[in-house]
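Overview (structure and organization)
Listed below, chain by chain, are the residues.
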Amino acid sequence: IYVGALRFDPAVASRVYAVSQDFGVFRSDDGGSTWARSGDELSGPMDLVIDPADSRKLFVGTDRGTVFRSSDAGASWIETTRPGYGHNILRMALAGPGSRILFAIPGCCGDLYRSFDAGDRWSDLTVPGPQGLPTSVAVDLESPADLYLTAQPAPSPPEQPPPFPPAVSHSGDGGASWAPLTNGLPQYAGLTGLVVDSTGTYLHAIGEQGTWTYQRVGGGVAVTVPMLSPALLAALAILIAAAGALVLRRS
């Protein structure tokens, strides 16, 4: 089974959810040793969000463009309204523990939607920068007005290269306005996933060229640090040692 997303219960250490677009949502209560399918009505799930304040509350976006919610850890589900025109929901995010504010990214048309009532009604937010297709959205749980967004270039004719949207965009007002967050990143980093840690200190991003970490200081992003693999670190250590030995030999 192809698994598109794994989500770990913040309150129950042994509970994990696996999201498969082809086969549904599965839940394990023993750390992955055994699995049970959750909700026959969930057709084509794409992403799952857990409320940190009450981990029994779940939200699932599907490839039919619908959003479902559960208040009993997936034992039963209620279908809400569709964000936009029913395109598949690539990613979702919840604006803080206990919040009813949801964000959803449909897989079409470069839209980002927000709901203030747990999915009953949705409104379209302005996407920042040149025309692009959002791929991931993350919310700082310590400061829910702080949003982070990644986007891919929109399709264009081969003879006309598309403008590159900002690798990461930041909003400090819940999505009303945006600013590019590109310091330390390549011109186009191809980022496809974002997550803010539980303290709000670090923003992590994954993309075609590797994994990146931002350290937020005083509500702003101060440092960009590319994450290095253990093999690369070992190679750097060998080079540094060799350079030191050469200096000693010459002296």
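Scanning the model with the defined rule gives 7 salt bridges in all. One salt bridge connects Arg-15 with Asp-29, and the closest N-O pair in it is separated by 2.8 Å. With Arg-15 in the loop between strand 1 (5–8) and strand 2 (16–20) and Asp-29 in the loop between strand 3 (24–28) and strand 4 (36–38), the pair connects residues that are 14 residues apart, well separated along the chain. Judged by its relative accessible area of 38%, Asp-29 falls in the partly exposed class. A salt bridge links Asp-54 to Arg-56; its shortest N-O distance comes to 3.0 Å. Each of Asp-9, Arg-15, Arg-27 and Asp-29 takes part in salt bridges that share partners, so that together they form one network.

This part covers the sheet that holds strand 3. Ordered by their spatial adjacency, 4 strands build an open sheet running 1-2-3-4, and the pairing between neighbours is antiparallel. In the strand order of this sheet, the two ends are held by strand 1 and strand 4, each with one partner. On average, each strand axis in the sheet is inclined to that of its neighbour by 30°, with strand direction left out of account. Across 5 bridges, strand 2 lies against strand 3 in antiparallel orientation. The residue of strand 3 that forms the bridge with Tyr-17 is Arg-27.

Looking now at the pairing of strand 7 (residues 67–70). Relative to strand 7, strand 6 (residues 58–62) runs antiparallel, the two being bridged by 4 bridges. Each residue of the ladder has a partner; that of Gly-61, found in strand 7, is Val-67. Counted along the chain from strand 6 to the antiparallel partner strand 7, the turn is 4 residues long, and its residue Gly-65 has a positive phi close to 85°. Pairing of strand 7 with strand 8 (residues 78–79), which is carried by 2 bridges, proceeds in the antiparallel orientation. Paired with Phe-68 across the bridge in strand 8 is Glu-79.

Definitions and limits used
Residues numbered from 1 in each chain as written. Predicted model: local features only at pLDDT ≥ 70, side-chain atom pairs only at ≥ 80, totals over all residues. Heavy atoms only, no water. Salt bridge = Lys/Arg side-chain N within 4 Å of Asp/Glu carboxyl O. Helix = DSSP H or I, 4+ residues; strand = E, 2+ residues; numbered from the N terminus. Buried < 20%, exposed > 50% of the residue type's maximum accessible area, 1.4 Å probe, protein only. Pairing = 2+ DSSP bridges. Axes fitted to C-alpha atoms, helices over the stretch in contact; angles between N-to-C directions.

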